[in-house]
Structure formats: structure tokens, C-alpha cells
Number of protein chains: 2
Amino acid sequence: MSRPQDATPQDTGEFGLIAWIREQAEPGARQSKHVAFGIGDDCAGLRFTPGREVLVTTDMLMDGRHFLTSVHTLEQIGRKAMGVNISDIAAMAGVPVAAVVSVALPRFLGKRTAMELARGLERGLDAVAADYGVALVGGDTNAWDGPLVISVTVLGETTERGPVRRSGAKPGDVIFVTGRLGGSLDSGRHLEPRPRILEAQQLHQRVPLRSMIDLSDGLAGDLGHILEESGGLGAVLEAGAVPVHNDAVRMARTSGRTPLDHALHDGEDFELCFTVAQDDAIRLQAQPPAGVTLYRVGTIKAEPGLRIRHEDGRMNAIPTKGFDHLRVSEPGAEL
Amino acid sequence: MSRPQDATPQDTGEFGLIAWIREQAEPGARQSKHVAFGIGDDCAGLRFTPGREVLVTTDMLMDGRHFLTSVHTLEQIGRKAMGVNISDIAAMAGVPVAAVVSVALPRFLGKRTAMELARGLERGLDAVAADYGVALVGGDTNAWDGPLVISVTVLGETTERGPVRRSGAKPGDVIFVTGRLGGSLDSGRHLEPRPRILEAQQLHQRVPLRSMIDLSDGLAGDLGHILEESGGLGAVLEAGAVPVHNDAVRMARTSGRTPLDHALHDGEDFELCFTVAQDDAIRLQAQPPAGVTLYRVGTIKAEPGLRIRHEDGRMNAIPTKGFDHLRVSEPGAEL
């Protein structure tokens, strides 16, 4: 990892930046019982709760694909980079603990220097990390002549209830989502994910969650991952029950697609989709955890394939393939 | 993290690639007692040895800075990306356990597709991971129109002897390095780091290592980090004792610099530099661990600053500032 040095605020070098990050990050790092040692060595040293599994997830965000430096603030970009990773911890009903951050910074972006960009990013990263009790424990900072790239790795741990995998869905399970879906790319909502960490823990405390995923590729695609990982199951969604976000309604006015289509396929909602046994679904709906919004959207089936039942009774198959980052025919499709 | 899908070998999409990586990685992942679950969920789940600290380190490598896709093979680049991170675990005398990898792949590089690039990288990553018992447990794969960027995060754990920090040097400590230094950038040796994992563990088993760092910025710069982190100490290096690599001698023929200067400042040697108490230095030199090469290069001093004593008795101050990734005046200085 990168190394700090003594540095004045005027320094524009890596060591100046790292020293600055260290200064910003240290109060948080010091407060965390999980941090044995943070920024300032070859590795950070962390302590996890004995007997718990350590969770690890990583996401890389690139200018022009996951954000636009011409439109979005560096603070927003930092928030998104941290948020999408914490959302992956939420998807396992885990507790986020610490993060490391690597960045490739343009030397100049308009009139902004690499150092100014780094400070903007840092503000966003730090704000979200602080909200979720995540200690920023290290990273690697580079400047170059290419576009901005940021890669965040978040570590967490399971609770005493264990992790919730994608692979545990069973035929008959009821499918829930935790919020309204669609249109987040148009409204900019995708830049400010609010990972459902507490919601996931509360839900998993209340009833055994059989399978769970966070909605980054869209309900159809992400539910498809649950079906696939659970051994090739199917599902029926109830069209009238899928919660459509106002952003999706607004987007549908000009997109030529229906609001429902946006809700199913847009992605980057960062809500949770999970399945529970039917008895548990009844219990959960009768007494949802405080502050947790629940929408019951469908049922897991033994017969493979994702289908949607419209309010008039018609049934359609829906494709589950989400956005594919290497599909050469869809450049920039993510924004 | 990215999600696998069933995929044929012809798939060029992310899911195809991830499925392929999963297939490559799974035998290794399955063999590791540390992996509860690997690629194929929102997070990987790891188990660490109770009572040990978890080590985490991350490094990002960019085309044109840390490697050149016009010169180096993708397999070499993959080897370097994994090796530099494992070297950071060695620097703490730790045991590497698992890695996650994020990449931004050019859609096309000459005639090579993103998928072909990914497979080349993967071969290099996997070869080094296998050599060091590291399970590849997840990642994020993206294609774009920018240059190749790869970010690797490696997790490890301390041994029963605990971590070796940079901050533990004491005046009077003897300074050692584990191999010959300099010229690695010119010879291409920097692309094939051989992290000193076993060497570090054996040394730390034999005597208490007081401080340690891996040599990525050059002996002067990295020893500077030890001095700084140990509370502003100094050191004297013996010019005649610094082990100069043949690559440094070769490079000096055309660079206008001395071989010693290359050995002190080139960096990317990925040898270890460590300090031990004087009694322990004598013990270590009398009975070095089998297969570990040791060069005794100098002594830690209370008086701040790094100095070098030439064989004729002259003493010079040497700058400790290593290569600074954000120093705008040194574009590409790392290659």
C-alpha cells in the first residue's frame, strides 16, 4: 500500500495526499474496535469478531461508465464508490467494518489538480464510511493522464445469524423488495445509494432470510442471479405489486418504455431483494421491523424462468440478463 | 461484486468472464481452509485463524505507469499486480490468504478483445496466487474505452509472532536487506516480483524483527519510511555493504548514474528491508534461516536523517523521498 510521509498542506504529492487522508481517516480508525493499525504501514491490521465469517467485496467505478466527472461532483462519486460496496455487505446481512481505496486520478481535470480531485472524492468516501461505521484503513493513490478510476474494497463480518447467500431460495418462497424501483440513473439517485445495512440485519433477526441480493442490475437481472445460484429455479412476479419509483414514472414519459419496465430493468436502486418461507412472509408482513419498508412482489417456483403476471391475468417471460459490462455493443449503457 | 452466470466459452460478456474466472479459481478456492464461500455472491466469505490479526493491502496498476501493454504480456502484468500485493503481506511477516481483483479492460487493444486481455491477466494472477496459496475469491470486471487498469486487494493474517510494523526500529538496530538491489525497471525484473513471504516468516521465527518494509520505492525511500514511522530516527548505510544487482551495474553503463545510486533509488526490487537488535543480528548472521540471503547494510541512529558512509570514510546525506505518484513533474517516471 501507499506510504505516508510528513507533509505540509501545500504538498501536491502522493505522500501529502496520504498524510491528509490519514489525518481525515484517523479519528474514525481510532474509534473502531476492529482496527489494530490503519494507514501508515504496508498493510492495515484488523480484528474481527471470533467465529464470524469475514466478508469481502470490491467494485471499480470508471469515468464515463459509472459516473461522469463532467456532470457529477467528486463528492458524489466518492459517495457512490463507497455506497455500492457497503450495499454488497448489506446483501449478505453483514456488518461493514473497514475499507481500502485505490484511485487513478487525472493529473488535471479542467482546472482541478489531482490533489483537489482526491480531496473531493475523500469527502464523499468519508461521509458514507462514517455513516456506516466503516474505518478507512488504507489505499493506493496514483496520478496519470487517463480518466478517473476508483476501486473500493469493503470488509465486513457476518452477524450471529450467519450470512444470507444468493443460493438459498426454495420453491414456494415469497419474494420481497425493500423500496421503490427504477429511474435512478435519470434522477441521479444512483449516485447516493443508501445501503440497507440495518434493514437487512433487522429482517434477518426477525425471520430466517433464505436468499438475498442487492439490486444493482435491476430486479429482473438480480432475481435471475438468485434463481440461477439456487440451482435453476424460476419465479413469478406480480406486475401490480412491483413498487415503481416516481423517477421511473417520470423517465417513462420520454423513454418509450413503461414505468414497470424501468422498475424491472434499470438497476442501481441498491434496495434489497430477498426470499423467505411462506410462514415467515406472513409473520414479517404482520409485524415488519420498525422503519423497514417491504413490498411483496412474487413467488419462487420450481419451474425455471422468470415470468410476470399482469393484473389482467396475462403471463409473460422476462429476460433476466442484467447489464453486461463486457458486452461490446453497449458502451456507456450504464449511465 | 460482479456476478457469475452460466456461460459458454464463446461469451464475451462480464458474466462469461466471471464464470470462466470462477471455474479457474474454484479448485484453489475449494482447497483453502480459509474460504467459506468464494466467487458467486455479493461478497466472498473468509475464515481467519482465531486470535490473529487480518492484514489487508491494495495496489492499483495502470498502463503507462506500472506496466506497458505495448511491451509487456498480459500474463506479466497479472503476475506483477498479484505479486506487489503479496509483497506487502511479506513486509508484515504475514501469511497471504485471499485476493479480490478489479479491472478496467480496454474493449480492444490492437486486435485483442477485452476477453482475451482478461484471460491473459488471469493466467498471471492465478499463477502467482497459486504459488503463494492465495485463493482468488472475487472481483469486478469492466470494459471501457480507456487504458488497462488493474486493482488487487490481498488479505492475509499474522502468524503467532504477530505483525512486524514499520514503526518498531530503535537506535542501534542493525539494518538488513534480503537481496541485491537496483535496475529492476530496466531488466523487466519488476514485472516478476518474488514476494519474500517464507523468508519473512522464517526470519521472524528466528529472532524478533523490530521493523520491516518491502522495497518498492528504493532502499533510501523505504528505509526513510521506517525512520519516519519509528519516530524520526536516522540511519547510516555502509556503501560497500549495499548489495548491487547486476541489472544496476548494466544500467549504470548508460544512465550516467553509479550502480550504487541505482541500488539506493530505483525501487521495485520487492526484497525486504528489516531491522533487528544487535544481539539478534549476530545470532541471525551466525545462523541464517536456510535459503534466506542476508546483507547487513547499516545501523539505525538516534540522530535523524539518512547518511551513507563510503569506503574511504566520507559520509553523505541521501534523500529519502521515493517516487511520488502525484508529483506532476515526473510523468511516467516509474517505468
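Cut-offs applied
- Residues numbered from 1 in each chain as written.
- Chains lettered and ligands numbered in written order.
- Predicted model: local features only at pLDDT ≥ 70, side-chain atom pairs only at ≥ 80, totals over all residues.
- Helix = DSSP H or I, 4+ residues; strand = E, 2+ residues; numbered from the N terminus.
- Buried ≥ 20, exposed ≤ 12 C-beta atoms within 10 Å, placed from the backbone.
- Contact = placed C-beta atoms within 7 Å.
- Pairing = 2+ DSSP bridges.
- Axes fitted to C-alpha atoms, helices over the stretch in contact; angles between N-to-C directions.
- Parallel < 35°, antiparallel > 145°, perpendicular 65-115°, else oblique.
- Left-handed = near helix turned anticlockwise from the far one by under 90°.
- Nonpolar A, V, L, I, M, F, W, Y, C, P; charged D, E, K, R; others polar.
- Domains from an automatic or database assignment.
- Core = buried A, V, L, I, M, F, W, Y, C linked by C-beta atoms within 7 Å.

1. Observations regarding the overall build of chain A
Phase 1: What chain A contains, in helices and strands, is nine helices and 15 strands.
Phase 2: Within chain A, buried positions represent 59% of all 335 residues.
Phase 3: Put simply, of all contacts in chain A between residues at least 6 apart along the chain, 81% involve residues at least 24 apart.

2. Here's the deal with the sheet that holds strand β9 (residues 174-177) of chain B
All names here are of chain B.
Phase 1: In space, the seven strands of this open sheet follow the order β10-β12-β9-β13-β11-β14-β15, with mixed pairing throughout. Two strands close off the open sheet at either side, each with one partner strand: β10 (211-214) and β15 (315-317). Taking the axes of each pair of neighbouring strands and ignoring which way they run, one obtains an average angle of 25° across the sheet.
Phase 2: Summarising the sheet, β10 and strand β12 (residues 272-276) pair through four bridges and their orientation is antiparallel.

3. Considering the pairing of β9 of chain B
Residues and elements named next belong to chain B.
Phase 1: Alternating positions in β9 separate into two faces, Val174 and Phe176 on one and Ile175 and Val177 on the other, with burial throughout.
Phase 2: Of the strand pairs in this sheet, β9 and β12 are connected by four bridges, and their pairing is antiparallel. Residue pairing across strands places Phe176 opposite Phe274, the latter belonging to β12.

4. Some points on unusual backbone geometry
Residue and element names in this part refer to chain A.
Phase 1: The backbone of Ala93 sits at a positive phi, close to 60°, despite the residue not being glycine.
Phase 2: With respect to the element layout, Ala93 can be found in the loop between α2 (74-90) and β4 (94-106).
Phase 3: With 27 C-beta atoms packed within 10 Å, Ala93 lands in the buried category.
Phase 4: Here the phi dihedral of Phe270 falls at roughly 55°; this positive angle occurs in a residue that is not glycine.
Phase 5: Tracing the chain through its elements places Phe270 in the loop between α8 (259-265) and β12 (272-276).

5. Notes on the packing of α2 of chain A against helix α3 (residues 114-131) of chain A
Residues and elements named next belong to chain A.
Phase 1: The N-to-C vectors of α2 and α3 enclose an angle of 40°; their axes lie 6 Å apart at closest approach. In this view, α2 runs oblique relative to α3, as classed from their interaxial angle. Regarding α2 and α3, the two cross each other, and that crossing is right-handed. Judged by residue contacts, Leu74, Glu75, Gln76, Ile77, Gly78, Arg79, Ala81, Met82, Gly83 and Ile86 of α2 engage Leu117, Gly120, Leu121, Glu122, Arg123, Gly124, Leu125, Ala127, Val128 and Ala129 from α3.
Phase 2: When grouped by side-chain class, the residues that make up the contact of α2 with α3 number eleven nonpolar, five polar and four charged.

6. Structural notes on the pairing of strand β8 (residues 149-158) of chain B
Residues and elements named next belong to chain B.
Phase 1: Within β8, ten of the ten residues are buried, leaving the element largely enclosed by the surrounding structure.
Phase 2: As paired strands, strand β4 (residues 94-106) and β8 are joined by ten bridges and run antiparallel to one another. Of the residues in β8, the one forming a bridge with Val101 is Val152.

7. So, the domain arrangement of chain A
Residue and element names in this part refer to chain A.
Phase 1: Annotation of chain A at the domain level lists domain 1 (14-158) and domain 2 (174-317).
Phase 2: For domain 1 and domain 2, the distance between their C-alpha centroids amounts to 28 Å.
Phase 3: Listed per partner, the contact involves 16 residues of domain 1 and 16 residues of domain 2.
Phase 4: By residue number, the principal contributor to the side of domain 1 that touches domain 2 is α2, which donates ten residues.
Phase 5: Across the side of domain 1 that touches domain 2, the residue classes break down as nine nonpolar, four polar and three charged.

8. Let's talk about the nonpolar core
Phase 1: Ala99 and Val137 of chain B are the most contacted members of the largest nonpolar core, which has 196 residues in total.
Phase 2: Those residues within four positions of Ala99 of chain B in sequence are excluded, and the remaining contacts are Met82, Asn85, Ala129, Val134, Leu136, Val137, Val152, Thr153 and Val154 of chain B.

9. Things to note about the sheet that holds β4 of chain A
Phase 1: Spatially, six strands are ordered β7(A)-β4(A)-β8(A)-β3(A)-β2(B)-β1(B) in an open sheet, and the strand pairing comes out mixed. The sheet terminates laterally at β7 (135-144) of chain A together with β1 (35-37) of chain B, the two strands that pair on one side only. For this sheet, the mean angle separating the axes of adjacent strands, direction not counted, is 25°.
Phase 2: Bridge analysis of strand β3 (residues 54-62) of chain A against strand β2 (residues 44-46) of chain B gives three bridges, and the strand direction is antiparallel. Bridge assignment links Val54 of chain A to a residue of β2 of chain B, and that residue is Leu46 of chain B.

10. Considering helix α6 (residues 219-229) of chain B
Residue and element names in this part refer to chain B.
Phase 1: Counting buried positions over the eleven residues of α6 gives eleven, a clear majority of the element.
Phase 2: Among the residues of α6, those classed as buried are Leu219, Ala220, Gly221, Asp222, Leu223, Gly224, His225, Ile226, Leu227, Glu228 and Glu229.
Phase 3: Two residues or fewer past α6, Gly231 is found with a positive phi of approximately 100°.

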